[in-house]
Protein chains: 2
Amino acid sequence: MELEKIRHSASHVLAAAVKELFPDVKLGMGPAIEEGFYYDFYKKEPFTPEDLKKLEEKMKEIIKKDFKFKKIKAARKEAEKILKSEPFKLEILKDLKDDEITFYQDGDFIDLCKGPHVNSTKDIKAIKLLRTSGAYWKGDSKNKQMQRIYGTAFGSEKELQDYLKLLEEAEKRDHKIIGKRMGLFMLSELVGKGLPIWLPKGEILKKEIENFAVEMENKNGYTRVSTPHIAKEELFIKSGHLPHYKESMYPKMTIDDGNYYLKAMNCPIHHLIFGHELRSYKELPLRLAEYGTVYRNELSGTLSGLLRVRMLTQNDAHIYCTKEQIGKEIESVLKMIQEYYKIFGFKDYYYRLSLWNPKNKEKYINEPKNWEYTENVLREILKKTKIKFVEAEDEASFYGPKIDIQFKTVFGREETLSTIQLDFAAKERFDLRYVDKDGKVNNEVFVIHRTPLSTHERFIAILTEHYAGKFPLWLSPVQIKLLTITDRNIKFANEVKKLLEEKNIRCELNDEKATMGKKVRDAELEHVPIIVTIGDKEVEKRTLAIRTLDGKVKFGIKVEDFLDNIIKCISNREQKYEI
Amino acid sequence: MELEKIRHSASHVLAAAVKELFPDVKLGMGPAIEEGFYYDFYKKEPFTPEDLKKLEEKMKEIIKKDFKFKKIKAARKEAEKILKSEPFKLEILKDLKDDEITFYQDGDFIDLCKGPHVNSTKDIKAIKLLRTSGAYWKGDSKNKQMQRIYGTAFGSEKELQDYLKLLEEAEKRDHKIIGKRMGLFMLSELVGKGLPIWLPKGEILKKEIENFAVEMENKNGYTRVSTPHIAKEELFIKSGHLPHYKESMYPKMTIDDGNYYLKAMNCPIHHLIFGHELRSYKELPLRLAEYGTVYRNELSGTLSGLLRVRMLTQNDAHIYCTKEQIGKEIESVLKMIQEYYKIFGFKDYYYRLSLWNPKNKEKYINEPKNWEYTENVLREILKKTKIKFVEAEDEASFYGPKIDIQFKTVFGREETLSTIQLDFAAKERFDLRYVDKDGKVNNEVFVIHRTPLSTHERFIAILTEHYAGKFPLWLSPVQIKLLTITDRNIKFANEVKKLLEEKNIRCELNDEKATMGKKVRDAELEHVPIIVTIGDKEVEKRTLAIRTLDGKVKFGIKVEDFLDNIIKCISNREQKYEI
């Protein structure tokens, strides 16, 4: 509340400064917002960065003057007189129902305002103007275009500096900014919100992650399937999605043989695959994996970049197993997750075990013995891992207990990155059965839903932030940039490029006539992990000069040695290439 | 026409035979059809295979009797009398407008019929009853259920025998039968018609084809993207799909920010990718590839297996190039197609060049110079390939000329397997532009649509038929089956399995207690290309006995030699493994 007062007061100070430096400008509105405040002004030309500097100086002057914020009450007639040269303020005045109108004055500046404010301008201890943007008056594109100035204010200089540092860091790591600069993905109004299009370099990232998952899943006895993106209403009634999850699904499409829906989850079709033949106990556990794309109808206003989307490509798999097999399977999934996290360098995470509540009969499927058994199994496994874990009572899904892996991002934000869910409901809903050793049909088939790598969209957003776009060699869309010093070096550079490409190493050659300084800077901006410079000396000795993103440089490296090291680093998916 | 007469006459003979053996049965209708003829009968219980045998014998007796087909005319009253105990025939009679009703009689059997028929039953030289099925009277599910008998008839015994052989062969190669037996794909009423679900073994096939395509496209300078399965109405209006292609698209889905459609083609989003930044001449040709899944709303009654589907995963790519680059690009696509066909062993194909018609101004985009130029370029390229090609005037698309690659299947059926289409329309619709060498913006961007491998669905159906399920080693879902003779051999078999799996070779071990004969037969039924048998002798000498699907056997092969050969055969994508 105090911070909000400071910020709202700062917006008055900004308006006062604008009126001093640009007397013709008309005032709009100026509220406090989460990151600070803004004020909208009517002015033909946008404010320049130069203007912002001058305004910030002027604001500091005003603040120093220790003007008190005085509340002034006025009758409507009088208020109209005060605001006579402010058409936008008059418009606001018209909308006000009260007879008595409130103003606040600091120094000479007076503004239509309900307050509250700090006592004096001096209470605004630290300010910073951040940026400008266009904005329509009252947010309506039929109204006049205003010039908005964003700023922030704090109760101390230290708080401001901390905030600006965080802002800078966040911007450096913002997956939307990095994604655009590196050409990872795009969004288009014509395709629609929340539907990212993977550009060539993002597609490489996506494929590398997928290859890693496929490799890991193959090693762990998974088989792969692929399933359509739409299915009939009847399936989603059977699965329970239509009765319980309809508002998150896209609307139905009616065609000649019934009603179809975009799938919001892959599980129902996987269950059909399990059920389409009578399984033998020898086939269990059956692990069906798919990087499946599902669609969820989120409100358009909530969508942003890759983190809040309507299209989700899930690192999905369903494990069909007997009760006795649950423990071993969960343990193996947890091991897989730890291997993934190690490769991606995720260190700060813990497990959350979500349990049922035996008293809450409404919320949970009525299989007390299965709840008891599996919760114990999960607890024992988690204890063994020696990683911190917490238990959350009454937080399980309707159909079984689950383990969430809670990951702390570089900004300290907690995210559920991976989940493992047990499912007691599918066996009955989908009539999942197998023939046991004695030839009897057994319908106690347990399902484990697991998504260690979340969705491509969310995982790549988090990875981009995690690495600040400086992906490790194996993931980097461009792994090596070759830079030539003069045209005499191009021939050898192309020879090296061919050698690298033969080993499926992704490299680009910059043989333009530019300074080496510029070429290096450009490659660094693209976050290429290894820069190879080739000059006459390199050509003569048939060696390479290598530079990594952290600025380390090494000369005279033999091409074959370089190739060997690169290949080793990539195939081991190492965090860093050491030269 | 003569064949139709024979077959229609045979259907009368069938009806006569039924009336003799099952006097209570009521007659429906019995037309000639493409594969022969059928006749619908009203009878509670279906005809058994035994019944069919007896009926066939009876038909042959009737044919031998050399009954003449006599045309008989009757007034309506009289006709009603003749048909008094045939309620279905009376119903047909009611629908007839004529006063004079025509019957045909052979022997004692008389049937309401317009003809024409052969002269005598003896002209029906060869018959065969094929199968039975249920059918609703007049095809309406509200009507009575009839029993339909299908048969065929020919003018000579030889023709019949040839046809039956072809039928047998077709069944052996039917992708639906093989797909089910090998576990390649499944369909589910709950998911919907025309929406195949890829089972683990089909997924392997699909991935192998996709890997091949990606490898080939990488080598040819393509980059990969991936795009959502839905997009906004506005995109498909811009692309022209909604005005011109709406009935093939799924219905719209309306959500909070507009109307969305499932995409029926990948091109519009690829065009957006091209257009999302101003391209330089240095980026051209830009080749964007995607194995993209599109959805088309075909009528449910037309759908079948993998050949007629609603979900199509296209081997898609779009090449964006200048006019001068068209020739080289088309040539390179044709070369790629020839390489594919060589690997898959497709030999019987030719090119069809579809041209515009300068007089048909309505049908074609009005760019005469581009039509003339590109048609000449395509013609010259096709001439150079020395493969048969034909030209089809007035058969081009609205937006440009195209090359279809016409492939003859093992049954002589002609299929368009691959297409290359030029597109003059996209550049204007999507404002495709680039900056040329002189820094000027040029909007003459030509688009080439190409799908060498068609869709996964169609291509795998055709491949299955082509190979009769005996896929070459590199494609086979299971590449090697290891069979042990006694339990003493299991340890060594597992060692071999591990060695194979380390090299990513897909193998299965059958160590069950069954005869070697049965184990070999089972593996052959699954079309596993290489069967390895391991007995005491093999364990002792640490060698293998190898058997291929064509029945060749070789003993005493060293494990390392076998591994080397297998790996070579797979990585070269050889047609056949030679032992």
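Residues numbered from 1 in each chain as written. Chains lettered and ligands numbered in written order. Predicted model: local features only at pLDDT ≥ 70, side-chain atom pairs only at ≥ 80, totals over all residues. Heavy atoms only, no water.

(A) Representation of the overall build of chain A. From N to C terminus, chain A includes 18 helices and 29 strands. Counting only C-alpha atoms and orienting by the principal axes, one finds that chain A spans roughly 95 × 80 × 55 Å. Per-residue burial for chain A yields a buried fraction of 54% across its 579 residues. In chain A, the proportion of contacts linking residues at least 24 apart, taken out of those at least 6 apart, comes to 71%. In the structure as shown, chain A presents an accessible area of about 27200 Å², 50% of it carried by carbon and sulfur atoms. (Helix = DSSP H or I, 4+ residues; strand = E, 2+ residues; numbered from the N terminus. Buried < 20%, exposed > 50% of the residue type's maximum accessible area, 1.4 Å probe, protein only. Contact = heavy atoms within 4.5 Å. Areas by Shrake-Rupley, 256 points an atom, 1.4 Å probe, with all protein chains shown as cover.)

(B) Local environment of the pattern of salt bridges. Inspection of the entire model under this criterion finds 102 salt bridges over all chains. Across the salt bridge formed by E210 of chain A and K207 of chain A, the nearest N and O atoms sit 3.4 Å from each other. A residue pair is termed a helical-turn pair when its members lie 3 or 4 positions apart in one helix, as E210 of chain A and K207 of chain A do in helix α7 (residues 200-219) at 3 residues. On the accessibility criterion, E210 of chain A (13% relative accessible area) is buried. Of the residues examined, K207 of chain A reaches a relative accessible area of 29% and is grouped as partly exposed. We note a salt bridge from R573 of chain B to E215 of chain B, for which the minimum N-O separation is 3.0 Å. (Salt bridge = Lys/Arg side-chain N within 4 Å of Asp/Glu carboxyl O.)

(C) Up close: unusual backbone geometry. Geometrically, the link from G115 of chain A to P116 of chain A is a cis peptide bond, its omega value of -5 degrees lying close to zero. Along the polypeptide, P116 of chain A turns up in the loop between β6 (109-112) and β7 (126-136). Between L284 of chain A and the following residue, P285 of chain A, the backbone shows a cis peptide bond with an omega angle of -10 degrees. Take P285 of chain A: it is sitting in the loop between β15 (279-280) and β16 (286-295). Although it is not a glycine, H527 of chain B adopts a positive phi angle of roughly 60 degrees. Mapped onto the fold, H527 of chain B is located in the loop between α16 (516-525) and β27 (530-534).

(D) Main features of the pairing of β27 of chain B. Residue and element names in this part refer to chain B. Among the 5 residues of β27, 5 are classified as buried, and the element is accordingly described as predominantly covered. Sheet topology places strand β25 (residues 480-484) next to β27; 5 bridges connect them, and they run parallel. The partner of I480 across the bridge, within β27, is I530. (Pairing = 2+ DSSP bridges.)

(E) Main features of the nonpolar core. Ranked by size, the top nonpolar core spans 194 residues in total, and within it F344 and I403 of chain A together with F344 and I403 of chain B carry the most contacts. Not counting residues up to four positions away in its chain, the partners in contact with F344 of chain B are F212, L453, F459, L463, H466, Y467, W474, L475 and Q575 of chain B. (Core = buried A, V, L, I, M, F, W, Y, C linked by side-chain atoms within 4.5 Å.)

(F) Layout of helix α4 (residues 87-95) of chain B. Residue and element names in this part refer to chain B. Listing the buried residues of α4 in full gives F88, K89, I92 and L93. For α4, the angular spread of buried residues about the axis comes to 145 degrees, placing them on one side. Those residues of α4 that are buried are in contact with β1 (26-27), β3 (36-42), α3 (76-82), β5 (100-106), β6 (109-112) and β8 (145-154). (Arc of directions from axis to C-beta.)

(G) Inspection of the packing of α7 of chain A against helix α14 (residues 456-467) of chain A at higher detail. All names here are of chain A. Contact geometry of α7 with α14 gives a least axis separation of 11 Å together with a crossing angle of 105 degrees. Considering the angle they form, α7 stands roughly perpendicular to α14. Together, L205, K206, I209 and E210 of α7 and H456, F459, I460 and L463 of α14 make up the contact between the two elements. Class assignment of the residues belonging to the contact of α7 with α14 gives a composition of 5 nonpolar, 1 polar and 2 charged. (Axes fitted to C-alpha atoms, helices over the stretch in contact; angles between N-to-C directions. Parallel < 35°, antiparallel > 145°, perpendicular 65-115°, else oblique. Nonpolar A, V, L, I, M, F, W, Y, C, P; charged D, E, K, R; others polar.)

Read these as geometric descriptors, not functional statements.
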